[in-house]
Structure formats: C-alpha cells, structure tokens
Amino acid sequence: MVLKVFFPLCCSSADSGILIGRWISEQNSAVILAVVHFPFIPVQVKQYLGEVQRVAKVSVSVLGSWSHSKQEKEESLSEFLEDLGTIFCHEPWIQISKEGDSKFWSCSTLQKHSRNPQEEEIILVYYDQRKVMLSHLHPPLDTAGQGAEDASKLAAIFDTVARSQVLFLTDRYDEGPIKLTHWQSDGVEASIIVELLKQASVPACMLLAFLLSLLSGICRSRVLKFWPLSFLWSKLSTCEQLGHRLQHLQVISSNKKAQNQNQLMRKANIFVSLLIDVALGILLMSWLYRKNRIGHLADTLIPVADHVAEELQDLLQWLMGAPAGLKMNRALDQVLGRFFLYHIHLWISYIHLLSPFIEMILWYVGLSACLGLTVALCILSDIIALLTFHIYCFYVYGARLYCLKIYGLSSLWRLFRGKKWNVLRQRVDSCSYDLDQLFIGTLLFTILLFLLPTTALYYLVFTLLRLLVVIVQGLIHLLVDLIDSLPLYSLILRLCRSYRLAAGVKFRVLEQQDGKPLRLLMQINPLSYGGVVQTYRLPTYSCYPRDSWASLCKKLFLGELIYPWKHKGDKQN
C-alpha cells in the first residue's frame, strides 16, 4: 500500500523534533502541519493539541519524528526519536530524517503494534504551506465538516491546512513551553498599517452605512415616483450610474462578514474599482480647471452646434431637390423639408438662448467628476443626448411616418388577397370584401406605394444620423461598463500573488531512486487572466442597446424606435 506524506517546505530547515499533523486513514495519507522542537513535555504537547483540536475541529496528533542532523548522525538521538512512538502511540510512526545540507532524505515507518507489519511504498510530497493556506482550494469553512468527507483527496489536504489556522498563530517569539516551526514561525504575518485600518474601518463603515441609509431612503421616497422625476431618473444614464454606485457603497459599508471567497473578492473588487474611479475623476477635474479649459470648451461648443445645424440645413436642402438623381414626390418632399427646417431654426434659437449660461453649467458639471470618472462619462453621454435632441426628433418623426406606411401597405396587401388580420387569435384569416372596399383599398395602396420612396429616404438619412449618435453613446457606456465591471483587485492579485486565485495543482518529480521514497513538489496552478475576468466580473447596469444584428435589422426595416438606453427594469444582473 502507498503511504503519502505531505511535508511543508518551511519545515525542511527546522531543528529535530516531533511531527504534528492530521492522519487521513481513508487515503492512507499524513498531512504534516508543524514541527515541535526539543525540549518539551509530552503532557503539555497533548494538552496543546487537544486545545487546537477543540478550536479548529481538526483531529491533530503527533504523527512521527523529524531528525535534522547538522553534524554526523547520532545513534542516541535516533533511538530517542524511535522511543517517542511508544509515548504518543500513533500507528504508523513516521520517521523523516535529513543529514546536514544534503538533498537526500530518508523516510520510513514503524508499526510496533501491528502483528503483520508490511513494507509500504512512501511518497513524500512537499507543499508550500502559505500558498496552500491562502489558495482557497478547500471546501467552505461553514460546510467543511461535511465537505471534507465528500471532497476529493487533495481538497481534504487543503481543508486540513486551512482549518488549522489557530495552530499557526504561535510563533517563536511567544513565551511558552512549546516551540513550533511552521509558515508563520518567524513572526505572524501582519502589518501595523493594516491593523490600524481595520480598527478605524468599523466606525467609518457605521457612519457611511448611516448616511447611505438616509440617501437610499430619499431615493426610495414617493417624491421621485411622480411623473417628471421618475421619467428623468429612468432615462438619464447619470441617475442610473449614481444608483449603481450607491449600491456598491452599501455593499462595501455592510457590517456582514463575507461568507465565502467569492463574496470577499466581490467586496475587494468593488472597493478598488471605486478608488480608481474616483482617482481618475479627480485627475480629470484637475485637468479641466487648469488654464481655463472649461471656458475654452464653452467657447467651442456654440460654434460646433451652429456648424452641425448648418450641415443639417444643407442636407435637408439636398433632400428637397433631386438627391442622387432620384425622382421624389415634390409636394411631400417640400412639406417634410420645410417641417424639419423649422425644427432646426427652433434648435438654433434654443442653443443661442442658453449660450450665456453654458460656461457656468459646464463649471458645475465639472465638479461632478469628484464622484468618479464613470459619473463624468455618463454626464457627457447625457449632454450629447441633449445636444442631439433635434436629430432624435427627426428620427422619431421619420420612423413613425415610415412605420405607418409599412403597416398600411401590409394591411392593404392582405386586402388584395382576400385576407385580414384576426386581432383576437393573432393570425391571418380569410375574409370576403365588397367591391367598394376593394376600390378604396386599391386607391390607398397606390397612394402609399408612390409616397413610400420619399418617406423611406428621409427615414434612412435620419436613421443613419441617429445610429451615429447611438454608437458614440455606446462607446462611452462601454468604457463605463469596463470601469464598473472589471475585477481590478483580482487582476492585481493574479499578477502579484497568483496562488490566491488557484485553479488546481500540479506535481513535479524531484527525486526518484530505488530504495528511497519518491519525492514530489506540489505546485499551485493559478487562474488564467480570462478566467479571472469571467469568475470575478462585477454586475453592471447597461445603458446602451444590446440587440442582436437580426433584431436590429428587423427594427430598422419595420421602423421601430432604437433607444440609446435601457429601461429601469432591463438591468443586467
């Protein structure tokens, strides 16, 4: 039978002593957790292990002896280590020895109480205790008792190390009768700054949670549910982003402890995302308020709006003539052209009316960048929507007119075939029409068919302009979603401490000789960067359309409206 001994690398240079760990009889494996050095009193060691077993709920015991002879091997020491097996009474008694700086180790077992002792093949597996402890490849701690039974063999090993955390809190600087060697024996891994931040974070989180509860109560009040405010809250992407960040702050300031690794990573990713977002927003704000850049931007905005309006006027004059040599219905062409030109004149008057206040508006809008770069980008998207509102109106007028003609022609085409649309059963049924109905239908069909090219041309031009605006807004919101959803903390952790995001383990052969135990090195495989993004990606609230190409083409053909935002109930979870 094969005996597997998992030995921590941090104990390879420890002084001689006894090995404490967990014996997994189902797998015939021994997990070494620490080395107890001489001198010690066996009764105190048993009491200490009983206390650890009571707190950690792991059956920790003395598994064998460890001999590290820095000089020549002494017979008295080896005999003394063998005699310890009668005191602690563990079967089998594992003996591991290392001579000086030699790379060759010897590992054997003693079975004094067995009637038929059998020679076992031993596999010595080295593992990094720190990486195994922090890799979270073990079952969750709340279901560890049940998970360790059903988990795989390696999961049981990882679970043993993770649940023995109380054993690693004792280092060599602690005064006591027992001296241990483990991954934190040179000093418990900690930071004064981190501990101070932990102590200060409790009152800060309580204050932040109180303020956020007040703010969320105001947001849920009935005042915001009335028509004008509810419409603006659901349509403006800035309001959606502020609500999204409010939920993020509530998650961070929550007093509930993270139940598992995914919740902990989600909180850390949200916190880092908020920090980077606010830092980028402050950098943007400092850039805007230097050298009077806001004044230059306000002076540039009005000429750009006038130039866009002039280009639209030239486009409408071109459509009112003979665009690309096409024969248009002159009466309808003139009516539509003058109607849209009148809207452009109204828009120019509206822009010039606001021109004295634009610099002041931009100055106050620039202050919102302190809330984060994503909020500033959402405000930019809303400003673009307001500045191109006349294009949106042109698109809506053209789409409605085109949609009316398409549905009218389809209805009249069914009339020619002696069919009609059954509203109750949502299907096409046969129907008999009178001669007068067929005559009126033929006249209407002819009129709509000859007017369709003029309407379709206006619809096509304004749809292309609308798609251009939607694409610009989509790119802005794509950047917002990238900042909101990218797991920056996980990516930094993958870059600096990849073992914290483990995907599995691999074994490398260190030594394989006849008469000696097989020595393996267990290494942790980290998650790939794509796996990190897919696993720890944060939920986002999308504000731009995500229709498929087929759905988009169908909407364009039927004249249905394309919105640059999603409604409040269409949030992506």
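Residues numbered from 1 in each chain as written. Predicted model: local features only at pLDDT ≥ 70, side-chain atom pairs only at ≥ 80, totals over all residues. Heavy atoms only, no water.

1. Regarding the overall build of the protein
Note the following rule: Think of it this way: any DSSP run of H or I at least four residues long counts as a helix, any run of E at least two long counts as a strand, and we number them from the N terminus. What makes two residues a contact is simply this: any of their non-hydrogen atoms within 4.5 Å. Only the protein chains shown count as cover for residues, with accessible areas throughout obtained via the Shrake-Rupley method and a probe of 1.4 Å.
Helix and strand counts for the protein stand at 18 helices and twelve strands. Here the analysis covers contacts within the protein between residues at least 6 apart in sequence; of these, 70% occur between residues at least 24 apart. Summing over all exposed atoms, the protein offers an accessible surface of approximately 32800 Å²; the carbon and sulfur share of this is 62%.

2. Brief notes about the packing of aromatic side chains
Under the convention used in this document: Pairing of aromatic rings covers Phe, Tyr and the six-membered ring of Trp, with a centre-to-centre limit of 6.5 Å; geometry is then stacked below 30 degrees between planes, edge-to-face above 60, and tilted otherwise. Working definition: with a 1.4 Å probe on protein chains only, accessible area under 20% of the residue-type maximum means buried, over 50% means exposed, and in between means partly exposed.
Throughout the structure, instances matching the rule amount to 16 aromatic pairs. Plain terms: the ring middles of Phe7 and Tyr126 are 6.4 Å apart, the flat faces sit at 90° to each other, and that makes the pair edge-to-face. Residue Phe7 is found in strand β1 (residues 2–8), and its partner Tyr126 is found in strand β7 (residues 121–127); the two are separated by 119 residues along the sequence. In this structure Phe7 comes out as buried when scored by relative accessible area, which is 0%. Its relative accessible area of 2% is what places Tyr126 among the buried residues. Aromatic pair Phe394 and Phe462: ring centres 5.3 Å apart, planes at 45°, arrangement tilted. Linking Phe394 in helix α14 (residues 389–416) with Phe462 in helix α15 (residues 435–485), this pair joins segments that are 68 residues apart in sequence. When sorted by exposure, Phe394 lands in the same class as Phe462, which is buried. Site record: aromatic cluster; members linked through ring pairs are Phe339, Phe340, Phe394, Tyr397, Tyr458 and Phe462.

3. A short note on the pattern of salt bridges
To keep things clear, this is the line we draw: Salt bridge, as applied in this entry: a Lys or Arg side-chain nitrogen positioned within 4 Å of an Asp or Glu carboxyl oxygen.
Scanning all chains against the criterion turns up five salt bridges. A salt bridge links Glu51 to Arg54; the nearest nitrogen and oxygen atoms lie 2.4 Å apart. Taken as a pair, Glu51 and Arg54 lie in helix α1 (residues 42–56) at a separation of three residues, close to a single helical turn. Glu51 gets classed as partly exposed once you look at its relative accessible area, which sits at 42%. We note a salt bridge from Arg163 to Asp159, for which the minimum N-O separation is 3.0 Å. A residue pair is termed a helical-turn pair when its members lie 3 or 4 positions apart in one helix, as Arg163 and Asp159 do in helix α5 (residues 153–163) at four residues.

4. A few points about the environment of Cys370
Structurally, the position occupied by Cys370 is in the loop between α12 (358–367) and α13 (373–387). Through-space distance from the C-alpha of Cys370 to that of Asp277 is 9.2 Å; in sequence the pair is 93 residues apart. In this view, Cys370 contacts Val278, Ile282 and Met285; residues no more than four positions away in its chain are not counted.

5. Focus: the packing of helix α8 (residues 237–252) against α13
Cut-off, in case you're wondering: In this analysis, axes come from line fits to C-alpha atoms, helices being fitted only over the stretch in contact, and the angle between any two N-to-C directions falls in the range 0 to 180 degrees. Should an angle fall under 35 degrees it is taken as roughly parallel, and over 145 as roughly antiparallel, whereas 65 to 115 is taken as roughly perpendicular and any remaining angle as oblique. Each crossing gets its handedness from the near helix: less than a right angle anticlockwise from the far helix is left-handed, clockwise is right-handed. Residues are grouped as follows: Ala, Val, Leu, Ile, Met, Phe, Trp, Tyr, Cys and Pro are nonpolar; Asp, Glu, Lys and Arg are charged; every other residue, Gly included, is polar.
At a closest axis distance of 8 Å, the pairing of α8 and α13 adopts a crossing angle of 160°. One finds that α8 runs roughly antiparallel with respect to α13. Our pair here, α8 against α13, has a crossing hand that is right-handed. On α13, the residues that touch Ser237, Thr238, Gln241, Leu242 and Arg245 of α8 are Thr374, Val375, Cys378, Ile379, Ser381 and Asp382. For the contact of α8 with α13, a count of residues per class yields four nonpolar, five polar and two charged.

6. What about the UniProt feature "transmembrane region" (unreviewed entry) in the protein?
Heads up, the rule is: UniProt positions are given in the numbering used here, feature names are shortened, and annotations may be inferred rather than shown by experiment.
The UniProt feature table records "transmembrane region" (unreviewed entry) at residues 200–219, 270–289, 335–354, 361–388, 394–416, 437–461 and 467–492. Note that residues 335–354 is 100% helix and 0% strand, and that its end C-alpha atoms are spaced 29 Å apart.

7. Things to note about the packing of helix α10 (residues 293–319) against α15
Direction vectors running N to C along α10 and α15 enclose 160°, while the axes themselves pass 11 Å from each other. Classified by the interaxial angle, the pair formed by α10 and α15 is roughly antiparallel. The element α10 and its partner α15 pack so that their crossing is right-handed. Where α10 approaches α15, its residues Leu312, Leu315, Leu316 and Leu319 are matched on the opposing element by Leu457, Tyr458, Val461, Phe462 and Leu465. The residue makeup of the contact of α10 with α15, split by class, is nine nonpolar, no polar and no charged.

8. Concerning the environment of Arg266
Turning to its location among the elements, Arg266 is positioned in helix α9 (residues 261–288). Placed 14 residues apart in sequence, Arg266 and Ile252 show a C-alpha to C-alpha distance of 9.3 Å. Every residue in contact with Arg266, bar those within four places of it in the chain, is listed here: Val251, Leu538 and Pro539.

9. Some words on the confidence of the model for the protein
Our working definition: What pLDDT reports is the predictor's confidence in each residue, on a scale of 0 through 100.
On average, residues of the protein score 78 in pLDDT, and 78% of them reach the 70 mark or higher. Here residues 140–151 is modelled with pLDDT under 50, and outside its nearest four sequence neighbours on either side it reaches ten contacts, counting other chains as well. Segment residues 565–573: pLDDT under 50, and 21 contacts once partners within four positions in sequence are set aside and those in other chains are kept.

10. Structural notes on a nonpolar patch on the surface
To keep things clear, this is the line we draw: Each patch is built from salt-bridge-free residues with over 30% relative accessible area, joining like charges within 9 Å and nonpolar side chains (Val, Leu, Ile, Met, Phe, Trp, Tyr) within 5 Å.
Side chains of Phe357, Met360, Ile361, Trp363, Tyr364 and Leu367 sit close together on the surface and give an oily, nonpolar patch of about 610 Å² of accessible area. Relative to the assigned elements, Met360 resides in helix α12.

11. Observations concerning unusual backbone geometry
In this structure, Asn28 takes a positive phi of about 55° despite not being glycine. Summarising the element assignment, Asn28 is placed in the loop between β2 (17–24) and β3 (29–37). The phi dihedral of Lys57 falls on the positive side, at around 55°, and the residue is not glycine. With respect to the helices and strands, Lys57 occurs in the loop between α1 and β4 (60–69).

12. Here's the deal with the side chain of Ser381
Position of Ser381 relative to the elements: it lies in helix α13. Apart from the residues within four sequence positions on either side, Ser381 is in contact with Ser237, Gln473, Ile476 and His477.

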